[in-house]
Amino acid sequence: MTDDPELQEIFTDPGHQEVVDLLQSGRPATPPLDPHFRSYLRAKLMTEAHRTLPRQARRSWLGLGFKPRTLALSMAAVAAGFLVVLGVQIYLHGGSTEMGQPVAVDITKTINNKSDVSTAAEPIRIPFSGPVDKNAVAESVVIEPATSVTKQWIGSTLVITPTHALAPNTTYTVRLQASATPAASTPPSVKPTPTAAPSPVVVHFSTVRPPIPPVTAPSFASSNVAWVSDSRLDKSGTILNAVWTGGGQLLATRPAGQPGSAASATPSATPSSSPASGSATDVWLLSQSGTPLLDLAPGASLPSAPSTPAVRMFAAWSVHGGQANLEVRDLQGNLIATVATIKGTPERAAIWLGSDRLAYVDGNGTLNVVDLHGNPIVLPHQVKVSRGSVEASPSGGLIAVDGVEGPVVLDLAGAPAKPLPSGATGFDWSAKGDLAFLVQQPSGSDLYVAADGKQSTRVASSPAGQTWTDLNWAPDASSLLLATKPADSSSGAPSLLVVNRDGSNVVPFGAHTEYTAPEWSPDGNLVLFTRRDDATGGVTFQVATVSISGTNSAEQQAIAEVDRFMKARLAGDRSGALAELDSNGQAAFQSSGAPLTSAAGSTFDRYYPVTVQLTRTTPSTFLIGVRTFIAKPGGAETSFVEEQLMVVQQDQRYLIHDVQASPSQPLSHGPTVVSVEVLQTPPGQQIQVRFDADLKAETVTNGTVQVKTQDGTLIQSQVTFDPETHLATLAVKLRPGTYQLVVTTGVSDINNVPLAQEYDAPLVISR
């Protein structure tokens, strides 16, 4: 179909354009009419559009005169213009009631047209100022890219909450039908009042660009960690305990009966590490900012989750009739198995041993281990536990227990138990398998680290009169986070501390106030903790945002160079873009056909880096993949092009030295690759491929996500997929060199829509 420039100039709003496209694509064929009638009808329609649309959308066309092409428009285009005028008027009102009066849809205070929306699974709120058929509206919701959501009405506002975090760097479209309230029955003698057909409500927004993953991961050493800010997850008493899932969401015990909205939650219980005996609780899935996403286990409490993102399960206790069942569920709340039953009310969560076994303490204080079928596993040494610490190593082969007879490390392989220093407690295992614990002394606390859970070494001690508690390893095992409490005011104020693994460089972290139970998120960007609420006397759960410094300086300079280059291109500044190219780069752009600035009739709308890779040849050369989105002037994005920019240090600055560009790809309703990251994980690598949609997990395999050599030979890989973060991870062993990532059209989203076309990108292994 040929676009009509006069209509395009009138209907510039993206929501209006949705209606234009819909009506134009669905118009029927029409017989030819007299050309004078076409001209007359068009003049009438344009006058009506000029009268009814907002002033900023009007076009003063009467004085321009018609061109011969305008007089020769087909009747189909005229009919489409007529429907567009009516359709946009309906859209502006948002629907109709049973009496034919408009139903206003207030999207001005929502995220419509915003370009910096958080990826956290926060609610999308669409208020209606008139009566609508709520069930019909909720059922009509469609989100593209495909996103799993929950929907609920709070008064006259439809609240749409994604069940997973949104993808970064992605433009989302939310469509729903503003159906009117069903008309009341009328006597046969009464002629029903005609109503206008309601029109779709369309909301567009784009998510923020996340920090660019570094080529070399920064260290969580104490000198690199900085506290940025903190915020409450909910009101005091509305969360009783909370833990991270392996995918970076939260599992929380909440008093039963709370609504699924953090804003409307009310205190209904006394906060504690475990719910009071006989109190009713539920286990909820929360976003990182505390938004309740899904009631996973009504009547349950004390959740725990494995640390592996790909294992989407959790365990929780459910108390009924004086006994408690240990249940394993998936992260949609489906019951997988009941693996154990004990008498009374449990006081602690079960402990995951790897991803296929659980340890728990029964009503007699005895430590037990079962598999996910409920089959008991005999421990090499029976241990009684009172209120001491119990923690398992990441592999699940070792368990540190503060037993009644003393602290020990149990080896499930059958080796003798390894005794620990007297008084050892507060155990925590690092991702590398090192055990940290504390021994409280009369004048302070001693910090120990046991490599592989074996030989224990005291690495640090608190100042006299100060107590250290609540250990937690950083994600890379380079440092430890702990809480500190002074014996009195002369010993300092309470706070958090970060100390390196070897006990060096103990630095304060956060404000001078009392913290408990600090816990790093899996990616290290957040810390979950509790703090006393002075207003209520209770405890609030909060998260702190953390900044990690120590990134590679050369890499940051190369990224900054690409940013200058791309900003000049987006601004249409050709000379500014040329200034960021060396002579080879200028020749490469000419030969590749990649335009420096947008072509006539389109604009470069936005860009973001897809991948950053250090080349094998020199530490001062980077291959940075960028994706540029192309849009109609003042309109919606229509396509994108991906370019691989080689950035080379020359003298004291970086310049663009080479480019390889893909053909322009139209935006589709199917899933798209958002980013690619190469991680060195000796003895091999991990290739992380992130998508923008909720995918069908069974379509993400080593047959659809592959790594190949330059000559097309398939590299053996193991593929895992984390639906929470839309992340496919390929475990490979690659020698230094250049390879090809291939994502085939066999990958599809939850609506069975596949990738529009195969995705290919270079992979550079530099060491």
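Structural data are supplied above this passage.
Below is a summary of the structure that appears in this document.

Rules used throughout
Residues numbered from 1 in each chain as written. Predicted model: local features only at pLDDT ≥ 70, side-chain atom pairs only at ≥ 80, totals over all residues. Heavy atoms only, no water. Helix = DSSP H or I, 4+ residues; strand = E, 2+ residues; numbered from the N terminus. Buried < 20%, exposed > 50% of the residue type's maximum accessible area, 1.4 Å probe, protein only. Contact = heavy atoms within 4.5 Å. Areas by Shrake-Rupley, 256 points an atom, 1.4 Å probe, with all protein chains shown as cover. Pairing = 2+ DSSP bridges. Axes fitted to C-alpha atoms, helices over the stretch in contact; angles between N-to-C directions. Core = buried A, V, L, I, M, F, W, Y, C linked by side-chain atoms within 4.5 Å. Phe/Tyr/Trp six-rings, centres within 6.5 Å; stacked < 30°, edge-to-face > 60°. Salt bridge = Lys/Arg side-chain N within 4 Å of Asp/Glu carboxyl O. Polar contact = N/O pair within 3.5 Å; in protein donor to acceptor, adjacent residues only side chain to side chain.

Remarks on the overall build of the protein
(1) Moving on: Per the secondary structure count, the protein includes 9 helices and 45 strands.
(2) Moving on: Evaluated residue by residue, the protein yields a buried proportion of 50% over its 767 residues.
(3) Moving on: Counting contacts in the protein only where the partners sit at least 6 residues apart, residues at least 24 apart contribute 57% of the total.
(4) Moving on: Accessible area of the protein: about 34,400 Å², with a carbon and sulfur share of 53%.

Here's the deal with the sheet that holds strand β16 (residues 351–353)
Sheets are built from strands paired through backbone hydrogen bonds, the pairs being either parallel or antiparallel.
(1) Moving on: Taken in spatial order, the 3 strands line up as β16-β17-β18 in an open sheet, and their pairing is antiparallel. Every other strand in the sheet has two partners, leaving β16 and β18 (367–371) as the edge strands with one partner each. For this sheet, the mean inter-axis angle between neighbouring strands, taken without regard to orientation, is 30°.
(2) Moving on: In terms of strand pairing, strand β17 (residues 357–361) meets β18 through 5 bridges, oriented antiparallel. When the sheet's bridge partners are listed, Leu 358 is paired in β18 with Val 370.

Details of the sheet that holds strand β26 (residues 456–461)
(1) Moving on: Read from one edge of the open sheet, 4 strands run β23-β24-β25-β26, paired in antiparallel fashion. Two strands bound the open sheet, and with one partner strand each, they are β23 (424–429) and β26. The mean angle between the axes of side-by-side strands here comes to 25°, regardless of whether they run parallel or antiparallel.
(2) Moving on: Where strand β25 (residues 444–450) lies against β26, 5 bridges are found, and the strand directions are antiparallel. The partner of Val 449 across the bridge, within β26, is Thr 457.

So, the environment of Ala 146
(1) Moving on: Counting through the fold element by element, Ala 146 comes out in the loop between β2 (142–144) and β3 (149–154).
(2) Moving on: With relative accessibility at 3%, the residue Ala 146 sits in the buried group.
(3) Moving on: If sequence neighbours within four positions are ignored, Ala 146 has contacts with Ala 693, Asp 694, Asp 749, Ile 750 and Asn 751.

Focus: the nonpolar core
When a protein is soluble and globular, its nonpolar side chains tend to lie buried together.
(1) Moving on: Counting residues in hydrophobic clusters, the biggest one holds 53 residues, and the most contacted among them are Ile 687, Val 689 and Val 743.
(2) Moving on: Apart from residues lying up to four places away in sequence, Val 689 is in contact with Val 673, Ser 675, Val 705, His 726, Leu 727, Ala 728, Leu 730, Leu 741 and Val 743.
(3) Moving on: Ile 559, Val 562, Ala 588 and Ile 656 belong to the second-largest nonpolar core, a separate cluster that totals 24 residues.

Brief notes about the environment of Ala 761
(1) Moving on: Of note, Ala 761 is situated in strand β45 (residues 759–765).
(2) Moving on: Considered as a pair, Ala 761 and Thr 611 are 150 residues apart in the sequence and their alpha carbons are 9.4 Å apart.
(3) Moving on: Contacts of Ala 761, omitting those with residues within four sequence positions, involve Tyr 739, Gln 740 and Leu 741.

Structural notes on the pairing of strand β12 (residues 300–304)
(1) Moving on: Counted residue by residue, β12 has 5 buried out of 5 residues, so it is predominantly covered.
(2) Moving on: Bridge count between β12 and strand β13 (residues 313–320): 3 bridges; the pairing is antiparallel. Paired with Ser 304 across the bridge in β13 is Ala 315.

Remarks on unusual backbone geometry
(1) Moving on: Of note, the amide linkage connecting Glu 144 to Pro 145 takes the cis form, showing an omega dihedral of -5°.
(2) Moving on: By the secondary structure assignment, Pro 145 is in the loop between β2 and β3.
(3) Moving on: With a phi angle near 55°, Asn 169 is a residue other than glycine that sits in the positive phi range.
(4) Moving on: Even without being glycine, Leu 302 reaches a positive phi, approximately 50°.

Considering the packing of aromatic side chains
(1) Moving on: For the structure shown, the criterion picks out 15 aromatic pairs.
(2) Moving on: Pairing Phe 427 with Phe 437 gives two aromatic rings, centres 6.0 Å apart and planes at 70°, and the pair type is edge-to-face. With Phe 427 in strand β23 and Phe 437 in strand β24 (residues 435–441), this pair connects stretches of sequence that are 10 residues apart.
(3) Moving on: Its relative accessible area of 4% is what places Phe 427 among the buried residues.
(4) Moving on: Summarising the aromatic geometry, the rings of Phe 629 and Phe 640 are spaced 5.8 Å apart at their centres and angled 50° between planes, so their arrangement reads as tilted. Of this pair, Phe 629 sits in strand β35 (residues 621–631) while Phe 640 sits in strand β36 (residues 637–650), and the two are 11 residues apart along the sequence.

Quick word on the pattern of salt bridges
(1) Moving on: Evaluation of the coordinates by the stated rule reveals 20 salt bridges.
(2) Moving on: Of the charged contacts, one joins Arg 232 and Asp 533 as a salt bridge, the two residues approaching to 3.3 Å between their closest N and O atoms. Of this pair, Arg 232 sits in strand β7 (residues 225–232) while Asp 533 sits in the loop between β32 (526–532) and β33 (539–548); the two residues are 301 residues apart in sequence, bridging distant segments of the chain.
(3) Moving on: Glu 347 serves as the salt-bridge partner of Arg 387, at 3.4 Å between the closest nitrogen and oxygen. One end of the pair, Arg 387, is in strand β19 (residues 385–392); the other, Glu 347, is in the loop between β15 (335–343) and β16, with 40 residues separating them in the sequence. Side by side, Arg 387 and Glu 347 carry an identical accessibility label, which is exposed.
(4) Moving on: Linked through salt bridges whose partners overlap, the residues forming this network are Glu 561, Arg 564, Glu 580 and Arg 653.

Things to note about the side chain of Asp 694
(1) Moving on: Position of Asp 694 relative to the elements: it lies in the loop between β40 (684–691) and β41 (705–708).
(2) Moving on: In terms of polar contacts, Asp 694 uses its side chain to reach the side chain of His 726, at 2.8 Å.
(3) Moving on: The contact partners of Asp 694, leaving out residues within four places of it in the chain, are Ala 146, Thr 147, Ser 148, His 164, Pro 723, His 726, Asp 749 and Ile 750.

With respect to the pairing of β24
(1) Moving on: Of all the 7 residues making up β24, 5 are buried; the element is thus mostly covered by neighbouring parts of the structure.
(2) Moving on: As paired elements, β23 and β24 share 4 bridges and run antiparallel to each other. Bridged to Asp 428 within β24 is Ala 436.
(3) Moving on: The hairpin turn running from β23 into β24, its antiparallel successor, is 5 residues long, and Gly 433 in that turn takes a positive phi close to 95°.
(4) Moving on: Of the strand pairs in this sheet, β24 and β25 are connected by 7 bridges, and their pairing is antiparallel. Across the sheet, Leu 438 pairs through a bridge with Leu 447, a residue of β25.
(5) Moving on: Count of turn residues in the β24/β25 antiparallel hairpin: 2 residues.

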